[in-house]
Amino acid sequence: MIQPLSRLLRSAYDRPVLMLMLATLAWGGNSVAGKMAIGEVSPMVIVFLRWAIVGSIVLVTMRKGITAHWPQMRPYFLHLTLMALFGFVGFNMLFYIAAHSTSAVNLGIIQGAMPALVLIGAVIAFGTRVVALQVAGIFVTMTGVALVAAKGDLSNLAALEINMGDGIMLIACVFYAGYTLALRNRPLVPGAIFFGVMALISATASVPPVIYEVMAGNALWPTPKGWLIVLFIAIFPSFLSQIFFMRGVELIGPARAGIFINLVPIFGAILAVLILSEPFHLYHALALGLVFTGIWLSERRKAPEAASASGEG
């Protein structure tokens, strides 16, 4: 029984499409978990426990590898700390805060803005040249995100009637876009080792926010259901998805693997409707169409290295 199961797992690990689908499915599920966590565990506690659990797994499974590569990574410590603060801690803090005032469907769709934000950041930070199709892609993608934020009526934008949660989620996407851009100068060590160090830094960096939440009287430690949610977030979106995505990149390269990140918004929307019974309006469908059209246009001339980042922190 054990031998056939082992062969099955090895076979699955060698299938890039399966690895990438599982990774993006779990990242999409994080939107649902964020909504389910309301009333069960508070945002800063989620982030702290999430990275504390992943950090513990990393220490058990990657300690020797991290020790061996630490001399290469030590000169980058400040760089890595800033990346962890923005990409892993800051993004997730804002993500779970946003879940309190917007839907899981919206959380998923707004994440579709990340490729456009990364492209904008690449132009600003690195002087990356863009073509007309990419500019059109940015415009179309951001129109889709704006449609979600305006609840299907763009005139709401002029009246500043935007859901606070949608605005917070967009700021979170800016944070993660900054993290993605910083990957360009990350130390040249194996992806798993890099992620392990980032997880350990994030576990430490998430301590001050949770202390603040406790001192402010807003901390809610997990209920039994809350613990199940935290464990799901730690094991699937935080740990296994990173491993699966890195395996997909290893098998088919960053450019082809990066395309799969575009599945995160659609998986998030589908899971929100199926699990949370959230309404899916016509403007959600139109927004998804705009976001995917914009991403497709933006990636017509996308450099392969730009797609090397994972889909979520």
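Residues numbered from 1 in each chain as written. Predicted model: local features only at pLDDT ≥ 70, side-chain atom pairs only at ≥ 80, totals over all residues. Heavy atoms only, no water.

Focus: the overall build of the protein
We count it as follows: Labels follow the DSSP assignment, with helices taken as runs of H or I lasting at least four residues and strands as runs of E lasting at least two, numbered in each case from the N terminus. Relative accessibility thresholds used throughout: buried, under 20% of the residue-type maximum; exposed, over 50%; partly exposed, between the two (1.4 Å probe, protein chains only). Between two residues, a contact is recorded if the distance between any of their heavy atoms is within 4.5 Å. Each accessible area is a Shrake-Rupley result for a 1.4 Å probe, and residues are judged covered by the shown protein chains and nothing else.
Secondary structure assignment for the protein yields 15 helices and zero strands. Residues classed as buried in the protein amount to 50% of the 313 residues present. Restricting to contacts in the protein with at least 6 residues of sequence separation, those with at least 24 account for 87%. In the form shown here, the protein has an accessible surface area of approximately 14500 Å², with 71% of it arising from carbon and sulfur atoms.

Overview of the layout of surface pockets
Gaps between atoms show up when a probe of the same size as a water molecule is rolled over them. Put simply, the rule is: A pocket here means an open set of points on a 1 Å grid, computed over the protein atoms alone, that has protein on both sides within 12 Å along at least five of seven lines. A cavity is instead a set of points where a 1.4 Å probe fits but cannot get out; residues with an atom within 4 Å of a point line either one. Grid points are joined across faces, edges and corners, and a volume is the space filled by probe spheres set on the points. For this scheme, ten residues count as nonpolar: Ala, Val, Leu, Ile, Met, Phe, Trp, Tyr, Cys and Pro. Four count as charged, namely Asp, Glu, Lys and Arg, and the remainder, Gly too, count as polar.
By volume, the second largest pocket is sized at about 260 Å³. Within the residue set of the lining of the second largest pocket, elements represented by two or more residues are helix H2 (16-36), helix H12 (224-252) and helix H14 (263-276). Among the elements that make up the lining of the second largest pocket, the one with the highest residue count is H12 (eight residues). Here the residues of the lining of the second largest pocket are counted per class, giving 14 nonpolar, two polar and one charged.

Description of the confidence of the model for the protein
Using the following cut-off: Scored from 0 to 100, pLDDT reflects the predictor's confidence in each residue.
Confidence in the prediction for the protein averages 84 pLDDT; 86% of positions are at 70 or higher. Confidence, read as mean pLDDT per element, is least for helix H8 (residues 155-158) in the protein (60) and greatest for helix H11 (residues 207-215) (96). Predicted confidence is poor over residues 303-310, with pLDDT under 50, and the contacts of this stretch with residues over four places away or in other chains come to 17 contacts.

A word on the pattern of salt bridges
For the record, the criterion: In the sections that follow, a salt bridge refers to a side-chain nitrogen of Lys or Arg positioned within 4 Å of a carboxyl oxygen of Asp or Glu.
Following the criterion strictly, the structure yields one salt bridge and no others. Residue Glu250 pairs with Arg247 through a salt bridge whose shortest N-O separation is 2.7 Å. Remark: Arg247 and Glu250 occur in helix H12; sequence separation between them is three residues, near one turn of the helix. Overall, the relative accessible area of 58% leaves Glu250 in the exposed class. The exposure class assigned to Arg247 is buried, which follows from its relative accessible area of 11%.

Digging into unusual backbone geometry
It is generally the case that most residues other than glycine have a negative phi and that most peptide bonds are trans. Within the chain, Ser277 stands out as a residue other than glycine whose phi angle is a positive 55°. Topologically, Ser277 is positioned in the loop between H14 and helix H15 (282-298). Take Ser277: its relative accessible area is 59%, and that puts it in the exposed class.

What to know about the nonpolar core
Threshold: Buried Ala, Val, Leu, Ile, Met, Phe, Trp, Tyr and Cys residues form a nonpolar core when they are joined through side-chain atoms within 4.5 Å.
In this structure, Met169 and Phe194 are the most contacted members of the largest nonpolar core, which totals 75 residues. Each residue touching Met169, except ones within four places of it in the same chain, is listed here: Phe91, Phe95, Ala98, Leu107, Ile110 and Gln111. Counting residues in each nonpolar core, the second largest holds ten residues, with Met19, Leu20, Ala23 and Trp27 among its members.

Thoughts on the environment of Val45
One can find Val45 in helix H3 (residues 43-73). When the C-alpha atoms of Val45 and Ala219 are compared, they prove to be 6.8 Å apart, with 174 residues separating the residues in sequence. When residues no more than four places from it in sequence are discounted, the contact partners of Val45 are Val210, Glu213, Ala219, Leu220, Trp221 and Pro222.

Description of a nonpolar patch on the surface
To keep things clear, this is the line we draw: Patch membership is restricted to residues that have no salt bridge and whose relative accessible area is over 30%. Joining uses 9 Å for like charges and 5 Å for the nonpolar side chains Val, Leu, Ile, Met, Phe, Trp and Tyr.
A cluster of nonpolar side chains, namely Ile120, Val123, Ile124, Val130 and Val135, defines an oily patch on the protein surface of about 400 Å² accessible area. Looking at the nonpolar patch element by element, the count peaks at three residues for helix H6 (residues 114-126). Looking at the element boundaries, Ile124 is found in helix H6.

A short note on the packing of H3 against H11
Here is the rule: A fitted line through C-alpha atoms represents every axis, and for helices the fit uses only the stretch in contact; the resulting angles, taken between N-to-C directions, go from 0 to 180 degrees. Handedness of a helix crossing follows the sense of rotation of the near helix relative to the far helix, less than a right angle counterclockwise being left-handed and clockwise being right-handed.
Contact geometry for H3 and H11: axes closest at 9 Å, N-to-C directions at 145°. For the crossing formed where H3 meets H11, the hand is left-handed. Residues Pro43, Met44, Val45 and Phe48 of H3 form the contact with H11, whose own contacting residues are Val207, Pro209, Val210 and Glu213. The residue makeup of the contact of H3 with H11, split by class, is seven nonpolar, no polar and one charged.

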